[in-house]
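# Summary of the model geometry
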There are 2 protein chains.
Amino acid sequence: MSFNYPNGKKYVRLDQEKKAPVKIKKNDGYGNRGMTLEEDLNESNEYYRSRKMAVIHKKPTPIQIVQVDYPKRSAAVIKEAYFKLASTTDYNGVYKGKYIDFEAKETENPTSFPLKNFHQHQITHMEEVMNQGGICFVIIRFSRFDEVYLLEARHMLGFWDRMMSGGRKSITREEIIHNGYLIPLGFHPRIDYIKILDNLLPLY
Amino acid sequence: MSFNYPNGKKYVRLDQEKKAPVKIKKNDGYGNRGMTLEEDLNESNEYYRSRKMAVIHKKPTPIQIVQVDYPKRSAAVIKEAYFKLASTTDYNGVYKGKYIDFEAKETENPTSFPLKNFHQHQITHMEEVMNQGGICFVIIRFSRFDEVYLLEARHMLGFWDRMMSGGRKSITREEIIHNGYLIPLGFHPRIDYIKILDNLLPLY
């Protein structure tokens with residue numbers, strides 16, 4: 001269900017996954033029309049799927065269920081549940097037979113991407129996927145500039161290790177520009193990250 | 001949390017995913033010590049993961065969240081939510097760089113496996129994964145015999161098509177024996193399906 005405010009702006013509910021209010025973004029460009037990164041990626045994945053280019057899905061949010069009611073003649077209702085920390089990344093699937101795995105995050109920070117957006121479980125998962133020959137990366141959006149980058153997990157792990165050994169707790173935008181790939185944005189698909197994978201595939 | 005009845009039997013809650021009570025299984029053999037197929041597969045996947053043999057996870061159950069409370073100074077509580085139909089299969093991951101995708105089901109029926117255990121969304125997903133070069137299959141347990149089979153998606157789709165064109169609504173055990181592979185069961189891992197994948201891998 002979706003409704004609009006009287007001024008025509010879309011009503012956005014509390015983002016239940018992030019447990020924090022979501023800002024309503026300004027309509028500030030071609031590739032970003034008030035959509036969250038998750039919505040843009042879901043649209044892109046649906047584009048790839050419907051054109052038989054790739055099969056990539058977002059995983060459901062992990063929930064710890066405590067109490068369920070089973071009313072007669074109607075659907076089971078979950079009455080008490082809690083959000084769990086994910087043990088993997090959010091997106092995975094298959095492209096040309098290869099295993100694809102990534103996490104997507106956006107930041108309002110114009111100069112750097114804070115590493116507190118990730119937790120150790122996800123970093124460990126990325127390392128495991130790399131060791132198993134999967135193609136693993138993060139998709140990072142700098143929402144101020146509407147720039148979206150693909151950064152391979154091997155770089156991500158390097159920056160994580162730097163933090164763990166006492167270094168800076170973020171990746172600078174320059175480091176991401178230098179080590180990552182700027183993803184072409186558009187109308188359909190909105191975030192065309194497969195274009196980048198085509199260049200990376202021969203290296204895996 | 002887990003408790004036992006006074007007779008030492010494990011208390012098993014209603015299975016929230018299937019929305020139906022789960023039978024407490026008898027302790028009737030080496031490979032099946034009262035565990036559900038899901039528990040056995042989770043243990044096997046954890047075995048593979050910890051030994052760096054493969055990275056395969058069960059996806060969280062998809063939930064439609066309707067109402068969340070945000071109490072001060074404590075975790076967000078989901079107060080109303082519903083089970084959604086999965087749009088993919090339950091398990092996926094990576095083995096030697098290849099994309100692995102499967103669904104797992106068990107039946108008490110001694111002679112055949114009822115196809116009503118699957119829904120069209122999952123069949124479509126299997127077809128998409130196959131077309132993208134992923135390794136896709138179903139794991140089927142006949143709990144009466146404690147036999148677990150791996151049946152490749154291409155066979156599964158054949159039996160599904162037979163049903164859709166008016167044929168039988170199940171796969172006979174003989175058909176599964178003939179077209180599938182009996183998976184070795186053990187203590188650790190309990191369901192060693194990677195042994196079967198090793199034979200299949202050169203064909204993909």
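All of these numbers come straight from a predicted model, not from anything done at the bench.

For chain A, the count of helices and strands is five helices and 10 strands. Taking contacts inside chain A between residues at least 6 apart in sequence as the whole, the part at least 24 apart equals 61%. Of the roughly 10400 Å² of accessible surface on chain A, 53% is carried by carbon and sulfur atoms.

A few words on helix H1 (residues 37-50) of chain A. Residue and element names in this part refer to chain A. For H1, built from 14 residues, the straight-helix expectation of 20 Å at 1.5 Å per residue is met to within 8% by its first-to-last C-alpha distance of 20 Å. Within H1, burial applies to Leu37, Asp40, Leu41, Glu43, Ser44, Asn45, Tyr47 and Tyr48. Where the residues of H1 are buried, they touch strand S1 (55-58), strand S4 (91-95), strand S5 (98-107), strand S7 (135-142) and helix H5 (194-200). Looking at the residues trailing H1, positive phi occurs at Lys52, about 60°.

Okay, the pairing of strand S7 (residues 135-142) of chain B next. All names here are of chain B. For S7, a buried count of eight out of eight residues is recorded, marking the element as mostly surrounded by other parts of the structure. Where burial is concerned, the two faces of S7 agree: the one with Ile135, Phe137, Ile139 and Arg141 and the one with Cys136, Val138, Ile140 and Phe142 are both buried. Of the pairings in the sheet, the one linking strand S5 (residues 98-107) to S7 comprises eight bridges and is parallel in character. Across the sheet, residue Glu106 finds its bridge partner in S7, namely Arg141.

For the rest of this paragraph, the subject is the nonpolar core. Core analysis: the largest hydrophobic core is formed by 46 residues, its most contacted members being Phe118, Met156 and Ile171 of chain A together with Phe118, Met156 and Ile171 of chain B. Every residue in contact with Met156 of chain A, bar those within four places of it in the chain, is listed here: Leu115, Phe118, Ile123, Met126, Val138, Leu151 and Ile171 of chain A.

Moving on, we come to the sheet that holds strand S2 (residues 63-69) of chain B. Consider a sheet: its strands pair through backbone hydrogen bonds, and that pairing is either parallel or antiparallel. Spatial ordering of the open sheet is given by S2(A)-S3(A)-S3(B)-S2(B), a layout of four strands whose pairing is antiparallel. Of all strands in the sheet, those bounded by a partner on one side alone are strand S2 (63-69) of chain A together with S2 of chain B. Pairwise comparison of adjacent strand axes, ignoring direction, gives a mean angle of 30° for this sheet. Across four bridges, strand S3 (residues 77-83) of chain A lies against strand S3 (residues 77-83) of chain B in antiparallel orientation. Bridging across to S3 of chain B, Ile78 of chain A finds its partner in Ala81 of chain B.

Between the two copies of the chain lies a rotation about an axis combined with a shift along it. The operation relating chain B to chain A is a screw motion whose rotation component is 180°, with 0.0 Å of axial translation and a residual RMSD of 0.0 Å. Expressed as an axis order, the relation between the two copies is that of a two-fold axis. Interface overlap between copies is the fraction of interface residues in one copy that are interface residues in the other; for chain B against chain A it reaches 100%, indicating a shared surface.

This paragraph deals with the packing of aromatic side chains. Evaluated as defined, the whole model comprises 17 aromatic pairs over all chains. Look at Tyr91 of chain A and Phe102 of chain A: their rings are 4.7 Å apart centre to centre, the planes differ by 0°, and that puts the pair in the stacked class. One end of the pair, Tyr91 of chain A, is in strand S4; the other, Phe102 of chain A, is in strand S5, and 11 residues separate them in sequence. For Tyr91 of chain A, a relative accessible area of 2% puts it in the buried group. Aromatic rings pair up to connect Tyr47, Tyr48, Tyr91, Phe102, Phe137 and Tyr193 of chain A into one cluster. Its end group placed over the ring of Phe118 of chain A, Lys105 of chain A keeps NZ or CZ at 5.8 Å from the ring centre. Directly above the ring of Phe145 of chain B sits Arg173 of chain B, whose terminal nitrogen or CZ lies 4.1 Å from the centroid.

With that settled, the discussion passes to the pairing of strand S1 (residues 55-58) of chain B. Each regular strand carries side chains that alternate between the two faces of the sheet. All names here are of chain B. Here S1 shows two buried faces, one formed by Val55 and His57 and the other by Ile56 and Lys58. In terms of strand pairing, S1 meets strand S4 (residues 91-95) through four bridges, oriented antiparallel. Within the sheet, the bridge partner assigned to Val55 lies in S4 and is Val94.

The rules we used
- Residues numbered from 1 in each chain as written.
- Chains lettered and ligands numbered in written order.
- Predicted model: local features only at pLDDT ≥ 70, side-chain atom pairs only at ≥ 80, totals over all residues.
- Heavy atoms only, no water.
- Helix = DSSP H or I, 4+ residues; strand = E, 2+ residues; numbered from the N terminus.
- Contact = heavy atoms within 4.5 Å.
- Areas by Shrake-Rupley, 256 points an atom, 1.4 Å probe, with all protein chains shown as cover.
- Expected span 1.5 Å × (residues − 1).
- Buried < 20%, exposed > 50% of the residue type's maximum accessible area, 1.4 Å probe, protein only.
- Pairing = 2+ DSSP bridges.
- Core = buried A, V, L, I, M, F, W, Y, C linked by side-chain atoms within 4.5 Å.
- Axes fitted to C-alpha atoms, helices over the stretch in contact; angles between N-to-C directions.
- Least-squares fit on C-alpha atoms with pLDDT ≥ 70 in both.
- Phe/Tyr/Trp six-rings, centres within 6.5 Å; stacked < 30°, edge-to-face > 60°.
- Lys NZ or Arg CZ within 6 Å of the ring centre and 35° of its normal.

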